[in-house]
Amino acid sequence: MATQKHSVGGWTAFAAVLMIFGGAMTFLEGISAIAKDHLFVTTRNYVFSFSLTGWGWIHLILGIVILLAGVALLATGALWARTVGVILAGFGALANFLWIPHYPFWAIVLVAINIFIMWALCTGNHHHDSVSR
């Protein structure tokens, strides 16, 4: 009797790995901001002004959720996991855009990674069906 398995396609797998990496980096950013690391710069008179600790908690929680969604996407490749991945990557891009005054280069890199994740999850062939015996 043949059973049908779904394996995650190339771009979806790459997006999942980027989600895991980006989620881990966002988590570490959050920890660093909560610990009030001197690595971050605070800019006065920025439109989206939150305390560094507040941003730390946002990044910590968002990082954990993105990392877990990346693991679920890599494991299942299901439509719901891709949908959640696109939504979370959008939130990640927005959070890192607003994070630019504190750590500009890394925030721009993570915005680009999140945009690429959204593109990879919305285009292309996501599943390769294979039949095993």
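Residues numbered from 1 in each chain as written. Predicted model: local features only at pLDDT ≥ 70, side-chain atom pairs only at ≥ 80, totals over all residues. Heavy atoms only, no water.

Student: An account of the side chain of Asn96 is requested, with residue identities and associated values reported.
Tutor: Following the sequence through the fold, Asn96 ends up in helix H3 (residues 79-98). With relative accessibility at 1%, the residue Asn96 sits in the buried group. The residues touching Asn96, leaving out its near neighbours within four places in the chain, are Thr26, Glu29, His59, Ala107, Leu110, Val111 and Asn114. (Helix = DSSP H or I, 4+ residues; strand = E, 2+ residues; numbered from the N terminus. Buried < 20%, exposed > 50% of the residue type's maximum accessible area, 1.4 Å probe, protein only. Contact = heavy atoms within 4.5 Å.)

Student: Tell me what's going on with the packing of aromatic side chains, and back it up with residues and numbers.
Tutor: In this structure the tally under the stated criterion is seven aromatic pairs. Taking the centre distance of 5.3 Å and the plane angle of 80 degrees together, the rings of Trp11 and Trp119 count as edge-to-face. Taken together, the residues Trp11 in helix H1 (residues 10-34) and Trp119 in helix H4 (residues 104-122) connect sequence positions 108 residues apart. On the basis of an interplanar angle of 75 degrees and a centroid distance of 5.7 Å, the ring pair of Phe14 and Phe116 is categorised as edge-to-face. Residue Phe14 is located in helix H1, and its partner Phe116 is located in helix H4; the two are separated by 102 residues in the primary sequence. Note on Phe14: relative accessible area 40%, which makes it partly exposed. A residue is classified by how much of its surface remains accessible, and Phe116, at 25% relative accessible area, is partly exposed. Chaining the aromatic ring pairs together yields one cluster made of Trp11, Phe14, Phe116 and Trp119. (Phe/Tyr/Trp six-rings, centres within 6.5 Å; stacked < 30°, edge-to-face > 60°.)

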